[in-house]
Amino acid sequence: MPTIESILKETRIFSPAKEFSSKANIPSFEAYQALCAEAEDDNLSFWAKRAQEQIAWHKPFTQVLNDRMAPFFQWFSDGELNVSYNCLDRHLETQADKVAIIFESDDGEIIRSTYHDLHQRVCKLANALKSQNINKGDRVVIYMPMRIEAVVAMQACARIGAIHSVVFGGFSAKSLHERIQDAGAVAVITADEQVRGGKRNPLKLIVDEALSKADTAFVRLVVVYQRTGADIRFDPARDVWWHEFTENAGLQCEPEWVGAEHPLFTLYTSGSTGKPKGVQHSSAGYLLGTKESMQWIFDYKPADVFWCTADVGWITGHSYVAYGPLAMGATQVIFEGIPTYPNAGRFWEIIQKHKVTTFYTAPTAIRSLIKLGADLPEQYELSSLRLLGSVGEPINPEAWMWFYEKVGRSRCPIVDTWWQTETGSHMIAPAPGAIALKPGSCTFPLPGISAAIVDEAGHDVENGKGGFLVIKKPFPSQIRTLWGDSERFKEAYFSKDIGCGKYYVSGDSAYRDIEGYFWIMGRTDDVLNVSGHRLGTMEIESALVAHPSVAEAAVVGKPHEIKGEAVIAFVVLKGQYPHAEEITQITHTLREWVAKEIGPIAKPDEIRFGENLPKTRSGKIMRRLLRSLAKGEEITQDVSTLENPAILEQLKYPEK
Ligand code: WTA
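Conventions and cut-offs
Along every chain, residues carry numbers that run from 1 in the direction the sequence is written. Thresholds applied to this predicted model are a pLDDT of at least 70 for local features of residues and 80 or more for the giving and counting of side-chain atom pairs; totals over whole chains, interfaces and linings are not thresholded and use all residues. Just so you know, side-chain values use all the structure's heavy atoms and leave hydrogens and water out. UniProt positions are given in the numbering used here, feature names are shortened, and annotations may be inferred rather than shown by experiment. Strand pairing requires that DSSP identify at least two bridges connecting the strands. Working definition: helices are DSSP H or I runs of at least four residues, strands are E runs of at least two. Numbering for both runs from the N terminus. Orientation is described by lines fitted to C-alpha atoms, with helices fitted over the stretch in contact, and by angles between N-to-C directions that extend from 0 to 180 degrees. Should a side-chain nitrogen of Lys or Arg be within 4 Å of a carboxyl oxygen of Asp or Glu, the pair is scored as a salt bridge. Type-normalised accessible area, obtained with a 1.4 Å probe on protein chains alone, sets the label of each residue: buried when under 20%, exposed when over 50%, and partly exposed for intermediate values. Each domain's limits were defined by an automated method or a database of domain assignments. Any two residues whose heavy atoms approach within 4.5 Å are treated as being in contact. Here the quantity called buried area is the accessible surface, traced with a 1.4 Å probe, that two parts lose on coming together, added over both. Any pair of nitrogen or oxygen atoms within 3.5 Å is treated as a polar contact; in protein, a donor-acceptor pairing is required on top of that, and neighbouring residues in sequence qualify only through side-chain atoms on both sides. Note on residue classes: Ala, Val, Leu, Ile, Met, Phe, Trp, Tyr, Cys and Pro are nonpolar, Asp, Glu, Lys and Arg are charged, and everything else, Gly too, is polar. Angles below 35 degrees are treated as roughly parallel, those above 145 as roughly antiparallel, those between 65 and 115 as roughly perpendicular, and all remaining angles as oblique. The sense of a crossing depends on the near helix, which, turned anticlockwise from the far helix by less than a right angle, makes the crossing left-handed and, turned clockwise, makes it right-handed.

Under the annotation held in an unreviewed UniProt entry, the protein chain carries the name Acetyl-coenzyme A synthetase and is attributed to Nitrosomonas ureae. Within the UniProt record for the protein chain, the comment given under Catalytic activity (unreviewed entry) is "acetate + ATP + CoA = acetyl-CoA + AMP + diphosphate".

Engineer: Tell me about the sheet that holds strand E22 (residues 467-471), residues and numbers included.
Structural biologist: Strand order in the open sheet formed by four strands is E21-E22-E24-E25, and the pairing between neighbours is antiparallel. Among the strands making up the open sheet, the edge pair consists of strand E21 (451-454) and strand E25 (518-523). Each strand of the sheet is rotated relative to its neighbour by a mean of 45°, with strand direction disregarded. Two strands pair when backbone bridges link them, and strand E24 (residues 504-512) and E25 are joined in this way by five bridges, in the antiparallel orientation. The partner of serine 509 across the bridge, within E25, is glycine 522.

Engineer: Tell me what's going on with the pattern of salt bridges, and back it up with residues and numbers.
Structural biologist: Throughout the structure, instances matching the rule amount to 48 salt bridges. For aspartate 208, the salt bridge identified is with arginine 238, shortest N-O distance 3.0 Å. One end of the pair, aspartate 208, is in helix H8 (residues 203-210); the other, arginine 238, is in the loop between strand E11 (221-225) and strand E12 (239-241), with 30 residues separating them in the sequence. The exposure classification of aspartate 208 matches that of arginine 238, with both residues buried. Of the charged contacts in the structure, one is a salt bridge between arginine 480 and glutamate 261, with a shortest N-O distance of 2.8 Å. Placement of the pair is arginine 480 in the loop between E22 and strand E23 (481-482) and glutamate 261 in the loop between strand E13 (258-259) and strand E14 (265-269), with a sequence separation of 219 residues.

Engineer: So what's going on with the environment of alanine 551? Residues and values would help.
Structural biologist: Mapping alanine 551 onto the fold places it in strand E28 (residues 550-560). The class for alanine 551 is partly exposed, based on a relative accessible area of 39%. With 21 residues separating them in the primary sequence, alanine 551 and valine 572 have C-alpha atoms 5.5 Å apart.

Engineer: Can you break down the environment of glycine 632 residue by residue, with the values?
Structural biologist: In this fold, glycine 632 is placed in the loop between helix H18 (623-631) and helix H19 (647-651). Glycine 632 sits 74 residues away from lysine 558 along the chain, and the two C-alpha atoms are 9.5 Å apart.

Engineer: If you had to explain the domain arrangement of the protein chain to someone new, which residues and values would you point to?
Structural biologist: Domain boundaries assigned for the protein chain yield domain 1 (18-508) and domain 2 (531-651). A straight line from the C-alpha centre of domain 1 to that of domain 2 covers 33 Å. Contact with domain 1, which involves 24 residues of that partner, is made by 19 residues of domain 2. Across the interface of domain 1 and domain 2, roughly 1700 Å² is buried in total on both sides, 47% from carbon and sulfur atoms. With a closest N to O distance of 3.6 Å, glutamate 561 and lysine 371 form a salt bridge. Along the contact surface separating domain 1 from domain 2 lie 16 residue pairs in polar contact (both at pLDDT 80 or more). Sorting the residues of the side of domain 1 that touches domain 2 by element identifies helix H7 (173-183) and helix H13 (363-373) as the ones contributing at least two each. Broken down by element, the residue count for the side of domain 1 that touches domain 2 peaks at four residues, all from H13. Residues that form the side of domain 1 that touches domain 2 fall into these classes: three nonpolar, 14 polar and seven charged.

Engineer: Break down the packing of H7 against H8 for me, citing the residues and quoting the values.
Structural biologist: For the pair H7 and H8, interaxial distance at closest approach is 8 Å and the crossing angle is 60°. On the basis of the axis angle, H7 is oblique to H8. Where H7 crosses over H8, the two elements pack in a sense that is right-handed. Side by side, H7 and H8 meet where Ala173, Leu176, His177 and Ile180 of the first sit next to Ile206, Val207, Glu209 and Ala210 of the second. In terms of residue class, the contact of H7 with H8 is built from six nonpolar, one polar and one charged.

So, in structure tokens, the structure goes:
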């Protein structure tokens, strides 16, 4: 892949402090290497031992890995367990009164829920769902605000063996409909409204719209959590209030014991083509991945106050809010709001107030907080912090340094964690007591994770050269398949084009520096990373083209100071090329249209209109050129293969 060259040169290095290492779960580089060597030596025994130690099995497994149907791998498949039992019941004897969740609402209300309390809440909802004949294997869509109830809903599904599919509260009715439809959900759990940054979002209204078509008639129950008391439409045949529904439900609910491979959840994510993919995860392998990473990377200690700011609508909120921390018996913070409301000190205030020790957030949030108040952290007492984390996109070294100095006061290691919806848990990230950090590098793979950088033929590239980031050996927390589309699963992740289909292909490009550190360079497919959220260019293009006035559209990303990437759309309208006065109006219309079709996160930042798009003679859109145009770069590439080179001039400026 000769075109992938890295321009980033970072020479700063931060070794773990003795004070930190001496207490760390992986206390030295040698200890890290020993774990890697153990896995290298006998991968199956390595994982078997950990699965025995970490998981409370109802029935022990005898088989570790079944790879006869590769790439449909199965782990621990004859074992039986329940994930909710592992997250809740397991702690009742030893620490029932420990606070599991410190919840802070958008407007500052604080609710504490102990393991005892959380267990009861989960059992009640689980019993109520069962009373409506919702059982093992049924799909339940969760469309909830970031509150204790969202976690309760997920855990209740896990308890009865129902497969949840959480849809982020920022997605539109159309996106929600598509996911409900694809999953064949029998129930939806939602709230009357969501409140974030002082603004209300009418979740139930959106659910009603999503369910208005006959093709979702299989949804027979909608459970509505009352968040604001807003006046909502109620369909008595289908809708129930959460509080009424659970009022008389029993406080004990025997967990449904499921096989290790039973799907715990599906979660939809963007790919380069077609509709969103329902990534399907297992029960045991997934649980093991979240637990090991809690210990190795977050260096979990029982006295920690853990805070991952991700919404449960994303994988990070699954693994490091709803499952990982609870499986460890941790105390964690859940926050309903946004980092900048009522002001840009909100995160620091929460850390101070709840004495957070481990703080895990996204580069986009860090960048926006630098912009709005680079000195604000100084005004808060942040001495409880001992570890910081970053996820979702590459963190630029300057943002890393600010996070390290201003928030961590140069005392706290930063774990930059590379992973994906599909990997379920961290893949490449530093064990903080063992590995010297370089700002912007996610450092080294976790023990047992055979991450590598290869060329198209699947050969390792030498250090310093870019290539495809792959994982060579199967690992327990990996994606099992795409819901209802096993062919697409094989094509998307075990592509014959790279390494002949032998490896898990991540879709990212990366390189290793001279010391073997991994540096992520970006996606190799048509997926954008906007504020850490994955968006397929295809999805946005399809949404634009669905508008009656749009003939053709192409979407590319452009580097953005805060969001990482911004969405730039090139649009050809039906009929006449618009007049200058019309452009503002049609731009507004199309942006709102995309927000309605997909969700506000997908709104193009900029729309440029042209009479055509740059195409090759065979009609293929030259995205490479569009990317250069979006960045405002001079076109130096050869454009002689273009059918219509004159069009470039027209697309050069947003206002033309
Ligand atoms: C990107 C989020 C660089 C990457 C957990 C990946 C990162 C995609 C990092 C997955 C990181 C995630 N450094 N890039 N630390 N973490 N990415 O599925 O492109 O929402 O493929 O999972 O985010 O996004 P997803």
